[in-house]
Amino acid sequence: MDNKIKNYIFDLDGTVINSCEEVLRCFELAFAKSNYPIDKNRLTSDLIGPPLKEIIQNIAPELKDEKVLNEITANFRTIYDNDINDISFLYEGVCETLQNLKNQGKKIFLATLKPSKPTERIVRDFGLKDIFDDIYTIDKFGEFITKKEMIEHIITKYSLNKSETVMIGDASSDVISANEAEITSIGVLWGYGSDKTDLIKNSKFVIKNIKELECLNI
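So, a few notes on the structure that sits alongside this text. (Residues numbered from 1 in each chain as written. Predicted model: local features only at pLDDT ≥ 70, side-chain atom pairs only at ≥ 80, totals over all residues. Heavy atoms only, no water.)

Moving on: the overall build of the protein chain. For the protein chain, the count of helices and strands is nine helices and eight strands. Against the globule reference of 17 Å for 218 residues, the protein chain gives a C-alpha radius of gyration of 17 Å, in line with a compact fold. A total of 218 residues make up the protein chain; the buried ones form 47% of that total. Of all intrachain contacts in the protein chain linking residues separated by at least 6 positions in sequence, the fraction that spans at least 24 positions is 66%. (Helix = DSSP H or I, 4+ residues; strand = E, 2+ residues; numbered from the N terminus. Rg over C-alpha atoms; globule rule 2.2 N^0.38 Å. Buried < 20%, exposed > 50% of the residue type's maximum accessible area, 1.4 Å probe, protein only. Contact = heavy atoms within 4.5 Å.)

Structure (C-alpha coordinates):
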(Lines give C-alpha, C1' and ligand atoms only; values in the text may rest on other atoms or scores of the structure.)
Protein backbone atom coordinates (compact mmCIF):
# COMPACT_ATOMS: atom_id res chain seq x y z
CA MET A 1 0.00 0.00 0.00
CA ASP A 2 1.41 3.37 -1.02
CA ASN A 3 1.19 6.26 1.43
CA LYS A 4 2.63 9.70 1.94
CA ILE A 5 5.65 8.39 3.86
CA LYS A 6 8.66 8.89 1.63
CA ASN A 7 11.51 8.74 4.14
CA TYR A 8 12.20 6.06 6.75
CA ILE A 9 14.81 6.41 9.49
CA PHE A 10 15.48 3.12 11.30
CA ASP A 11 17.12 2.38 14.60
CA LEU A 12 19.43 -0.65 14.36
CA ASP A 13 19.63 -2.69 17.58
CA GLY A 14 16.28 -4.08 18.64
CA THR A 15 14.58 -2.81 15.49
CA VAL A 16 16.45 -4.20 12.47
CA ILE A 17 18.69 -6.74 14.20
CA ASN A 18 18.64 -8.68 17.43
CA SER A 19 22.18 -8.35 18.72
CA CYS A 20 21.26 -8.80 22.38
CA GLU A 21 22.94 -12.15 23.01
CA GLU A 22 26.02 -11.08 21.07
CA VAL A 23 26.39 -7.75 22.89
CA LEU A 24 25.87 -9.24 26.35
CA ARG A 25 28.38 -12.01 25.60
CA CYS A 26 30.95 -9.38 24.59
CA PHE A 27 30.32 -7.37 27.76
CA GLU A 28 30.92 -10.47 29.84
CA LEU A 29 34.18 -11.12 27.99
CA ALA A 30 35.24 -7.47 28.36
CA PHE A 31 34.82 -7.52 32.13
CA ALA A 32 36.54 -10.91 32.37
CA LYS A 33 39.51 -9.63 30.39
CA SER A 34 39.97 -6.93 33.03
CA ASN A 35 39.48 -9.46 35.85
CA TYR A 36 36.56 -7.42 37.13
CA PRO A 37 33.80 -9.59 38.67
CA ILE A 38 30.18 -8.76 37.85
CA ASP A 39 26.72 -9.97 38.75
CA LYS A 40 25.75 -11.80 35.56
CA ASN A 41 22.09 -11.34 36.46
CA ARG A 42 22.57 -7.73 35.37
CA LEU A 43 23.30 -8.82 31.80
CA THR A 44 19.80 -8.40 30.35
CA SER A 45 18.35 -6.82 27.23
CA ASP A 46 17.19 -3.83 29.29
CA LEU A 47 20.81 -2.65 29.35
CA ILE A 48 21.07 -2.10 25.62
CA GLY A 49 20.45 1.31 24.12
CA PRO A 50 22.51 3.97 25.97
CA PRO A 51 26.12 4.88 25.08
CA LEU A 52 28.76 2.27 25.89
CA LYS A 53 30.19 3.72 29.10
CA GLU A 54 26.72 4.21 30.52
CA ILE A 55 25.92 0.54 29.89
CA ILE A 56 29.13 -0.54 31.62
CA GLN A 57 28.27 1.60 34.63
CA ASN A 58 24.78 0.07 34.70
CA ILE A 59 26.37 -3.39 34.77
CA ALA A 60 28.78 -2.39 37.54
CA PRO A 61 27.32 0.68 39.32
CA GLU A 62 29.97 0.44 42.02
CA LEU A 63 32.76 0.89 39.46
CA LYS A 64 34.25 4.36 40.03
CA ASP A 65 37.84 3.85 38.84
CA GLU A 66 38.05 5.75 35.55
CA LYS A 67 41.11 3.77 34.45
CA VAL A 68 39.31 0.44 34.87
CA LEU A 69 36.18 1.83 33.21
CA ASN A 70 38.20 2.95 30.20
CA GLU A 71 39.97 -0.42 30.06
CA ILE A 72 36.68 -2.36 30.01
CA THR A 73 35.32 0.05 27.39
CA ALA A 74 38.37 -0.58 25.18
CA ASN A 75 38.08 -4.33 25.77
CA PHE A 76 34.47 -4.33 24.63
CA ARG A 77 35.18 -2.33 21.49
CA THR A 78 38.02 -4.62 20.51
CA ILE A 79 36.03 -7.80 21.12
CA TYR A 80 32.76 -6.63 19.59
CA ASP A 81 34.13 -4.66 16.65
CA ASN A 82 36.22 -7.59 15.44
CA ASP A 83 34.02 -10.56 16.31
CA ILE A 84 33.97 -12.86 13.29
CA ASN A 85 31.47 -15.16 15.03
CA ASP A 86 28.73 -12.58 15.63
CA ILE A 87 25.53 -14.38 16.65
CA SER A 88 23.20 -11.46 15.92
CA PHE A 89 20.29 -12.01 13.53
CA LEU A 90 17.77 -9.98 11.52
CA TYR A 91 14.25 -9.81 12.86
CA GLU A 92 11.72 -11.76 10.83
CA GLY A 93 10.51 -9.92 7.73
CA VAL A 94 12.89 -6.99 8.09
CA CYS A 95 15.00 -7.67 5.01
CA GLU A 96 11.93 -8.18 2.81
CA THR A 97 10.25 -5.02 4.09
CA LEU A 98 13.36 -2.90 3.62
CA GLN A 99 13.73 -4.18 0.07
CA ASN A 100 10.06 -3.52 -0.66
CA LEU A 101 10.37 0.05 0.53
CA LYS A 102 13.53 0.49 -1.54
CA ASN A 103 11.76 -0.87 -4.62
CA GLN A 104 8.99 1.70 -4.08
CA GLY A 105 11.55 4.49 -4.28
CA LYS A 106 11.50 5.36 -0.59
CA LYS A 107 14.56 6.86 1.07
CA ILE A 108 15.86 4.65 3.88
CA PHE A 109 18.31 5.73 6.58
CA LEU A 110 19.92 4.14 9.61
CA ALA A 111 20.44 6.05 12.86
CA THR A 112 22.22 4.14 15.60
CA LEU A 113 24.17 4.84 18.78
CA LYS A 114 26.64 2.15 17.70
CA PRO A 115 30.05 3.38 16.48
CA SER A 116 30.78 3.19 12.77
CA LYS A 117 33.09 0.15 12.77
CA PRO A 118 30.67 -2.48 14.15
CA THR A 119 27.76 -0.86 12.29
CA GLU A 120 29.57 -1.16 8.96
CA ARG A 121 30.45 -4.77 9.75
CA ILE A 122 26.85 -5.66 10.59
CA VAL A 123 25.38 -3.88 7.56
CA ARG A 124 27.89 -5.62 5.30
CA ASP A 125 27.47 -9.07 6.83
CA PHE A 126 23.67 -8.93 6.56
CA GLY A 127 23.75 -7.67 2.97
CA LEU A 128 22.08 -4.35 3.80
CA LYS A 129 24.75 -1.97 2.52
CA ASP A 130 22.86 -1.05 -0.65
CA ILE A 131 19.55 -0.64 1.17
CA PHE A 132 20.38 2.49 3.16
CA ASP A 133 20.74 5.89 1.53
CA ASP A 134 22.94 6.92 4.44
CA ILE A 135 24.05 5.54 7.79
CA TYR A 136 24.41 7.67 10.89
CA THR A 137 26.43 6.35 13.81
CA ILE A 138 27.22 7.95 17.15
CA ASP A 139 30.72 8.85 15.91
CA LYS A 140 29.89 9.76 12.31
CA PHE A 141 31.42 13.23 12.60
CA GLY A 142 34.28 12.34 14.94
CA GLU A 143 32.42 13.29 18.10
CA PHE A 144 29.37 11.78 19.74
CA ILE A 145 26.00 12.93 18.41
CA THR A 146 22.52 12.22 19.75
CA LYS A 147 19.72 10.44 17.93
CA LYS A 148 17.86 13.75 17.61
CA GLU A 149 20.93 15.35 16.01
CA MET A 150 21.16 12.42 13.58
CA ILE A 151 17.55 12.89 12.54
CA GLU A 152 17.93 16.65 12.13
CA HIS A 153 21.11 16.25 10.08
CA ILE A 154 19.46 13.70 7.78
CA ILE A 155 16.48 16.01 7.24
CA THR A 156 18.72 18.97 6.44
CA LYS A 157 21.25 17.14 4.27
CA TYR A 158 18.61 15.44 2.13
CA SER A 159 16.07 18.29 2.22
CA LEU A 160 13.37 15.97 3.55
CA ASN A 161 9.82 17.06 4.22
CA LYS A 162 9.20 16.39 7.91
CA SER A 163 5.57 15.45 7.28
CA GLU A 164 6.77 12.66 4.97
CA THR A 165 9.45 11.34 7.33
CA VAL A 166 9.22 8.73 10.10
CA MET A 167 11.56 7.29 12.73
CA ILE A 168 11.15 3.63 13.66
CA GLY A 169 12.63 2.31 16.91
CA ASP A 170 12.15 -0.08 19.81
CA ALA A 171 13.20 2.30 22.59
CA SER A 172 11.37 5.23 24.12
CA SER A 173 14.46 7.36 23.44
CA ASP A 174 14.07 6.68 19.70
CA VAL A 175 10.51 7.95 19.50
CA ILE A 176 11.14 10.86 21.85
CA SER A 177 14.01 11.95 19.57
CA ALA A 178 11.65 11.74 16.60
CA ASN A 179 9.03 13.81 18.40
CA GLU A 180 11.61 16.44 19.34
CA ALA A 181 12.78 16.58 15.71
CA GLU A 182 9.13 17.06 14.67
CA ILE A 183 8.77 13.92 12.59
CA THR A 184 6.39 10.99 13.03
CA SER A 185 7.48 8.46 15.65
CA ILE A 186 6.76 4.74 15.20
CA GLY A 187 7.44 2.40 18.09
CA VAL A 188 7.93 -1.33 17.55
CA LEU A 189 6.75 -3.86 20.09
CA TRP A 190 9.56 -6.31 19.44
CA GLY A 191 13.16 -5.52 20.40
CA TYR A 192 14.71 -4.95 23.78
CA GLY A 193 13.18 -4.28 27.15
CA SER A 194 10.22 -6.02 28.72
CA ASP A 195 8.30 -2.87 29.65
CA LYS A 196 7.05 -1.00 26.58
CA THR A 197 4.83 1.42 28.52
CA ASP A 198 6.92 4.52 27.82
CA LEU A 199 7.47 3.52 24.21
CA ILE A 200 3.74 3.20 23.61
CA LYS A 201 2.99 6.45 25.46
CA ASN A 202 5.51 8.46 23.44
CA SER A 203 4.90 6.93 19.99
CA LYS A 204 2.57 8.45 17.41
CA PHE A 205 2.03 4.96 16.02
CA VAL A 206 2.89 1.49 17.34
CA ILE A 207 3.39 -1.66 15.27
CA LYS A 208 3.70 -5.24 16.45
CA ASN A 209 5.46 -6.61 13.35
CA ILE A 210 7.50 -5.09 10.54
CA LYS A 211 4.91 -5.86 7.83
CA GLU A 212 2.53 -3.39 9.47
CA LEU A 213 4.96 -0.63 8.54
CA GLU A 214 4.06 -0.98 4.88
CA CYS A 215 0.35 -0.74 5.68
CA LEU A 216 0.47 2.47 7.71
CA ASN A 217 -1.43 5.24 5.99
CA ILE A 218 -0.17 8.35 7.70
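Now for the nonpolar core. Within the largest apolar cluster, 48 residues are counted, with the highest numbers of intra-cluster contacts made by F10, F27 and L213. Here this core gets seven residues from one element, more than from any other, and that element is helix 1 (residues 20-33). If we skip the residues at most four places from it in the chain, F27 touches L43, L52, I55, I56, I59 and F76. Of all hydrophobic cores here, the second largest spans 15 residues; its members include I9, I154, L160 and A178. (Core = buried A, V, L, I, M, F, W, Y, C linked by side-chain atoms within 4.5 Å.)

We now examine the pairing of strand 7 (residues 184-188). Taking burial as the measure, the five residues of strand 7 include five buried ones, the bulk of the element. On strand 7, burial covers both faces: T184, I186 and V188 on one face and S185 and G187 on the other are all buried. Handedness of the β-α-β unit built from strand 6 (residues 165-169), helix 7 (residues 172-180) and strand 7 comes out right-handed. Two strands pair when backbone bridges link them, and strand 7 and strand 8 (residues 205-207) are joined in this way by three bridges, in the parallel orientation. Opposite V188, over in strand 8, you have I207 as the bridge partner. Taken together, strand 7, helix 8 (residues 197-202) and strand 8 constitute a β-α-β crossover, and its handedness is right-handed. (Right-handed = clockwise from strand over helix to strand, strands pointing away. Pairing = 2+ DSSP bridges.)

Note that all results are geometric; they support no functional claim without further evidence.
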